[in-house]
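Spelled out, the chains give:
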Amino acid sequence: MNPVMHSPLLLQLVVILVVARGCGLLLKVFGQPAVIGEMAAGLVLGPIVFGALAPEVHAELFAKESLGGLTSLSTLGLVLFMFIVGVELRAPDGVRAQVRAAGWVGVLGVLLPLAAGFAISPWLHPLAPAGVGFLPFALFMAAAMSITAFPVMARILKERGMTQTRLGRLALSSAAIADVFAWIMLACVVALIGSGDGTAGLLRTSLGTVALLVFVFAVLRPLYAWLLRRFAPTGAPSQMLLAALLVGAIGCAAITEWLGLHAVFGAFLFGACLPRDDRLLGCLVERLEYLAIVLLMPIFFALAGLNTTADAFVGAGIGAMLLVLLAAIVGKVLGGAAGARIAGYGWRESFATGALMNARGLMELIVMKVGLDAGLIGPSLFTMLLVMALVTTVMTGPMLTLFGGRSPALVDPSSERA
């Protein structure tokens, strides 16, 4: 037999890219960001659709022993994407003028979903893998309910010409505040469950994380700022400097993984330490993000789909999934709306803010992957959270229109930022 046939990686990539782009184009016809279609492509490629329609072909194409290459590429895509998200992190224009309002929305947009996540955990804990304690599981569910997809929200606002409006600035700054709290909590949960050897392991993870924070911001931040000033004054790094940036991102990702956290935390941390330079961001987007989003992230979506199960749609699973959806939507929408209302916004603007805070998108999938890798959730809950991420993100645009948001503007079709 031809030895090439033993490695279906290239064929897997072709199938994944074709299905992902096809679903992305289909969803764009209905006014949704293409990334929603690409996320849905994961479900199509998984056992729920592809596996049900052609089980033998699916089993041969995506055999477990053949997924090693896809898993490695998926991890690389996550690291590159979170590195860019870290570079992009900055206070939106006008945030200082409305820091009180953003604080109310950001805090309540986390606290209510946190409470909702805790409230539903007793009913969902029986679906967790054997051996997972209630407290780590409940903390993870609370964090999963609290995530807002900052990039998806930014794209929706951009398409509607609302980025520089009062509502747009409030939503962006609130999402940044909310996600800081949610990601810190998620990191603590992963450290708690991933330390392995009890108190000593947790102490090693905690102290190691603090040491990494000091190293990144006290050593790497000034070092890379000097390198960029010296060798990339125009904001466009040379190949050598780009390689140095990748070494920093991947190195920090490897360290956090070694510490018992997920690789995405280290990549994000390194990106956040770099200078806030729009020229550098534009260059990194052009050189790295397009590769990550067009080629590598669809692999992540496909692997996410392979981890789903049809059990989430039968029997008691339907009730559990409806419970997850209810907690996620009510917590985020009411939390964001309550914060805006307390800050003095009208009811329509307040609920529009809550609708924007409800967008989860790709960031929720990353949280789910972290939970799955840490053994906090199994295929059933993973499937429910994936459906929740799709539903909450799809409903953001229509809800925003309902509460007075502007109609989507024509955008550059090459803009696939998610």
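Per chain, the residues get numbers from 1 upward, laid out in the order the sequence is written. Since the coordinates come from a predicted model, pLDDT governs what is reported: local features require at least 70, and pairs of side-chain atoms require 80 or more to be given and counted, while whole-chain, interface and lining totals use all residues. Excluding hydrogens and water, the side-chain values take into account all heavy atoms of the structure.

J.: Quick question: what am I supposed to make of the overall build of the protein here?
T.: Helix numbering and strand numbering both begin at the N terminus, where a helix is a DSSP run of H or I of at least 4 residues and a strand a DSSP run of E of at least 2. Summing up its helical and strand segments, the protein has 18 helices and 0 strands in all. We call two residues in contact whenever any of their non-hydrogen atoms come within 4.5 Å of each other. Summarising the internal contacts of the protein: among those between residues at least 6 apart in sequence, 82% fall at separations of at least 24.

J.: What should I look at first to understand the side chain of E364 in this one?
T.: Following the sequence through the fold, E364 ends up in helix α16 (residues 361-373). Once residues lying within four places of it in the same chain are set aside, the contact partners of E364 are A144, I147, L385, M388 and A389.

J.: I tried to follow a nonpolar patch on the surface on my own but got confused; where do I start?
T.: Side chains of V107, L111, L112, F181, L326, V330 and L334 sit close together on the surface and give an oily, nonpolar patch of about 570 Å² of accessible area. Broken down by secondary-structure element, the contributors of at least two residues to the nonpolar patch are α6 (99-124) and α14 (316-342). Within the secondary structure layout, L112 lies in helix α6. In this analysis, a patch consists of residues with relative accessible area above 30% that form no salt bridge, clustered at 9 Å for like charges and at 5 Å for the nonpolar side chains Val, Leu, Ile, Met, Phe, Trp and Tyr. Surface exposure here means Shrake-Rupley accessible area, sampled with a 1.4 Å probe, where a residue is shielded only by the protein chains that are shown. Here a salt bridge means any side-chain nitrogen of Lys or Arg lying within 4 Å of a carboxyl oxygen belonging to Asp or Glu.

J.: Even after reading the chapter, I still don't get α16, so can you show me in this structure?
T.: A turn of α-helix holds 3.6 residues, and therefore any two residues three or four places apart point the same way. Between the first and last C-alpha of α16 there are 19 Å, a value that for 13 residues agrees with the 18 Å anticipated at 1.5 Å per step. In terms of residue burial, α16 counts as a mostly covered element, since 12 of its 13 residues are buried. Throughout this description, buried means an accessible area under 20% of the type-specific maximum (1.4 Å probe, protein chains only), exposed means over 50%, and partly exposed covers the range between. Of the positions making up α16, those classed as buried are G361, L362, M363, E364, L365, I366, V367, M368, K369, V370, G371 and L372. Looking one or two residues past α16, G375 carries a phi angle of roughly 80°, positive in sign. The length a helix should cover is 1.5 Å for every residue beyond the first.

J.: In this structure, what is going on with the packing of α6 against helix α7 (residues 134-146)? I would like to understand it.
T.: If you want to describe how two helices pack, look at the angle between their axes and the distance between the axes. Think of each axis as a best-fit line through the C-alpha atoms, taken over the contacting stretch in the case of a helix, with angles from 0 to 180 degrees between the N-to-C directions. Two elements in contact, α6 and α7, have axes separated by 7 Å at closest approach and are oriented at 135°. One way to sum up the angle between α6 and α7 is to call them oblique. In the packing of α6 onto α7, the handedness of the crossing is right-handed. Side by side, α6 and α7 meet where G109, V110, P113, L114, G117, F118, S121, P122 and L124 of the first sit next to F134, F137, A138, L139, M141, A142, A143, M145 and S146 of the second. To sort the angles, those under 35 degrees are grouped as roughly parallel, those over 145 as roughly antiparallel, those from 65 to 115 as roughly perpendicular, and the leftovers as oblique. Each crossing gets its handedness from the near helix: less than a right angle anticlockwise from the far helix is left-handed, clockwise is right-handed.

J.: Would you take a moment to explain the environment of V333 for this structure?
T.: Following the sequence through the fold, V333 ends up in helix α14. It is 5.9 Å that separates the C-alpha atoms of V333 and N358, two residues lying 25 residues apart in sequence. In this structure V333 touches F351, G354, N358 and M399, once residues within four positions along its chain are discounted.

J.: Is there a simple way to think about the confidence of the model for the protein in this case?
T.: Detailed reading of the predicted coordinates is not advisable wherever pLDDT is low. Summing up the model confidence of the protein, the mean pLDDT is 84 and the portion of residues at 70 or higher is 89%. Least confident of the elements in the protein is helix α8 (residues 150-159), whose mean pLDDT is 72; most confident is helix α11 (residues 239-258), at 94. Taken together, the stretch residues 1-5 has pLDDT below 50 and engages in 1 contact with residues farther than four places along the chain or on a different chain. Scored from 0 to 100, pLDDT records how confident the predictor is in each individual residue. Note that residues 407-418 has pLDDT below 50 and, in this model, 26 contacts with residues that lie over four places away or in other chains.

J.: Even after reading the chapter, I still don't get the pattern of salt bridges, so can you show me in this structure?
T.: A side chain with one charge may pair with a side chain of the opposite charge, provided their charged atoms come close. Under the criterion given, the structure shown has 5 salt bridges. We note a salt bridge from R21 to E38, for which the minimum N-O separation is 2.7 Å. Separated by 17 residues along the polypeptide, R21 in helix α1 (residues 9-29) and E38 in helix α2 (residues 34-45) bring together distant segments of the chain. Salt-bridge contacts for R166 lead to E349; the nearest nitrogen and oxygen are separated by 2.7 Å. Here E349 lies in helix α15 (residues 347-357) and R166 lies in helix α9 (residues 166-194), a separation of 183 residues in the sequence. Among the residues examined, E349 registers a relative accessible area of 26% and is labelled partly exposed.

J.: Is there a simple way to explain the side chain of R360 in this structure?
T.: Its location among the elements puts R360 in the loop between α15 and α16. The exposure class of R360 is buried, given its relative accessible area of 0%. A distance of 3.1 Å separates a polar atom in the side chain of R360 from the backbone oxygen of A328. Contacts described as polar in this section are N or O atom pairs within 3.5 Å, which, within protein, must combine one atom able to donate a hydrogen with one able to accept it, while residues neighboring in sequence count only if both atoms come from side chains. There is a polar contact of 2.8 Å between the side chain of R360 and the side chain of N358.

J.: Mind showing me how you'd approach the environment of G235 here?
T.: With respect to the element layout, G235 can be found in the loop between α10 (198-231) and α11. The residues touching G235, leaving out its near neighbours within four places in the chain, are R279, L280 and C283.

J.: What is the right way to read the packing of α7 against helix α17 (residues 379-394) from this model?
T.: The interhelical angle for the contact between α7 and α17, taken along N-to-C directions, is 20°, at an axis separation of 12 Å. For the element pair α7 / α17, the angle class is roughly parallel. For α7 against α17, the interelement crossing comes out right-handed. Two secondary-structure elements touch here, α7 through F137, F140, M141, A144 and M145 and α17 through L381, L385 and M388. For the contact of α7 with α17, the residue count by class is 8 nonpolar, no polar and no charged. Under the scheme applied, nonpolar residues are Ala, Val, Leu, Ile, Met, Phe, Trp, Tyr, Cys and Pro; charged residues are Asp, Glu, Lys and Arg; polar residues are all the others, including Gly.

J.: Any chance you could explain the nonpolar core here in plain terms?
T.: Soluble globular proteins tend to bury their nonpolar side chains together. Ranked by internal contacts, the top residues of the largest apolar core, which has 119 residues, are F83, F140, W183, F270 and I366. Look past the residues within four positions of I366 in its chain and what remains in contact with it is L78, F81, M82, W183, V264 and F300. Nonpolar core, defined: a set of buried Ala, Val, Leu, Ile, Met, Phe, Trp, Tyr and Cys residues in which side-chain atoms within 4.5 Å join the residues together. Core analysis: the second largest hydrophobic core is formed by 15 residues, L13, I16, I299 and L303 among them.

J.: Even after reading the chapter, I still don't get the packing of aromatic side chains, so can you show me in this structure?
T.: Ring pairs (aromatic) are described by centroid distance and by the angle formed between their planes. Pairing of aromatic side chains here covers Phe, Tyr and the six-membered ring of Trp, requires ring centres within 6.5 Å, and sorts the geometry by plane angle: under 30 degrees stacked, over 60 edge-to-face, intermediate tilted. If you walk through the whole model with that rule in mind, you get 7 aromatic pairs. Ring geometry for F300 versus F301: centroids 6.0 Å apart, planes at 50°, classification tilted. Using a relative accessible area of 2% as the deciding quantity, one classes F300 as buried. In textbook terms, an aromatic cluster arises when at least three aromatic residues are bridged by ring pairs, as seen for F83, Y224 and F270. Both a distance and an angle decide whether a charge sits over a ring: NZ of Lys or CZ of Arg must be within 6 Å of the ring centre and within 35 degrees of the ring normal. Against the face of F231 rests R230, its NZ or CZ located 5.0 Å from the ring centre.

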